[in-house]
Amino acid sequence: GQQLNQSPQSMFIQEGEDVSMNCTSSSIFNTWLWYKQDPGEGPVLLIALYKAGELTSNGRLTAQFGITRKDSFLNISASIPSDVGIYFCAGRFYGGSQGNLIFGKGTKLSVKP
Amino acid sequence: SAVISQKPSRDICQRGTSLTIQCQVDSQVTMMFWYRQQPGQSLTLIATANQGSEATYESGFVIDKFPISRPNLTFSTLTVSNMSPEDSSIYLCSVGQGSYNEQFFGPGTRLTVL
């Protein structure tokens, strides 16, 4: 089946640092979504991308739909403690049924000790 | 976006029993979905809950194990049947809105099977 490779798997952040994570697939996707999940909560949609090359911001978060349509990345600028959580990429590939989102394995952000 | 609630928020169940999880949305939505998130893992789509017809299940999930109801455009239930410890997971409902693929999730139901 379709799979998404999300990296890094985990990372530690210090307040004020910029953070980057990405997702790649072997198939062409027509939708990329980025979610954040806090402990004990459901995922919250951060950014949705629909066009190759599209660059979209939501506050300190910026995400891009790769021009090859096989990747996407998420940047967080000037991180703050509440950015801690698990970030998931998700997408729908060409030919996939509406609603059938494929999720990456997540990037866990933790505070640097 | 729609406000989504789930009941129960968590439960501890015995092997061999069944649990029905409810998902309520504060507005009418066309598409509702059920996902499973195993401990420390990502989300996997179980099925699409279709209003007025049988749910559409993804590969690896069957109706006998995960029967789903969708009596109207604001409500759905997922039953986890004949549970085993391997069914211990977070079960999430989501709704799709608009003509695109954005999905919004409920808070989840945390199930532990002993």
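Before any of the text, the structure's been laid out above.
Enquirer: Whenever I open this one, the sheet that holds strand E7 (residues 68-72) of chain B confuses me. Can you help?
Expert: Strands in a sheet are paired, the pairing made by backbone hydrogen bonds, and the direction either parallel or antiparallel. Residue and element names in this part refer to chain B. Ordered in space as E1-E3-E8-E7, the four strands form an open sheet in which the pairing is antiparallel. Two strands in the sheet have a free side with no partner beyond their single neighbour: strand E1 (4-7) and E7. Between one strand axis and the next, the sheet turns by 15 degrees as a mean value, whatever way the strands run. The pairing of E1 with strand E3 (residues 19-25) spans four bridges and is classified as antiparallel. Each residue of the ladder has a partner; that of Ser5, found in E3, is Gln24.

Enquirer: I tried to follow the pairing of strand E2 (residues 10-13) of chain A on my own but got confused; where do I start?
Expert: Residues and elements named next belong to chain A. The alternating pattern of E2 places Met11 and Ile13 on a buried face, while none of Ser10 and Phe12, on the opposite face, is buried. For E2 and strand E11 (residues 107-111), the ladder comprises four bridges, and the chain directions are parallel. Of the residues in E11, the one forming a bridge with Ile13 is Val111.

Enquirer: Teacher, can you tell me more about the side chain of Ser84(B) here?
Expert: All names here are of chain B. Along the chain, Ser84 turns up in the loop between strand E8 (75-80) and strand E9 (89-96). Of the polar contacts made by the side chain of Ser84, one reaches the side chain of Glu86; its length is 2.9 Å. Contact partners of Ser84, with chain neighbours within four places excluded, come to Arg15, Lys65 and Val113.

Each value, and the rule that gives it
Residues numbered from 1 in each chain as written. Chains lettered and ligands numbered in written order. Predicted model: local features only at pLDDT ≥ 70, side-chain atom pairs only at ≥ 80, totals over all residues. Heavy atoms only, no water. Pairing = 2+ DSSP bridges. Helix = DSSP H or I, 4+ residues; strand = E, 2+ residues; numbered from the N terminus. Axes fitted to C-alpha atoms, helices over the stretch in contact; angles between N-to-C directions. Buried < 20%, exposed > 50% of the residue type's maximum accessible area, 1.4 Å probe, protein only. Polar contact = N/O pair within 3.5 Å; in protein donor to acceptor, adjacent residues only side chain to side chain. Contact = heavy atoms within 4.5 Å.

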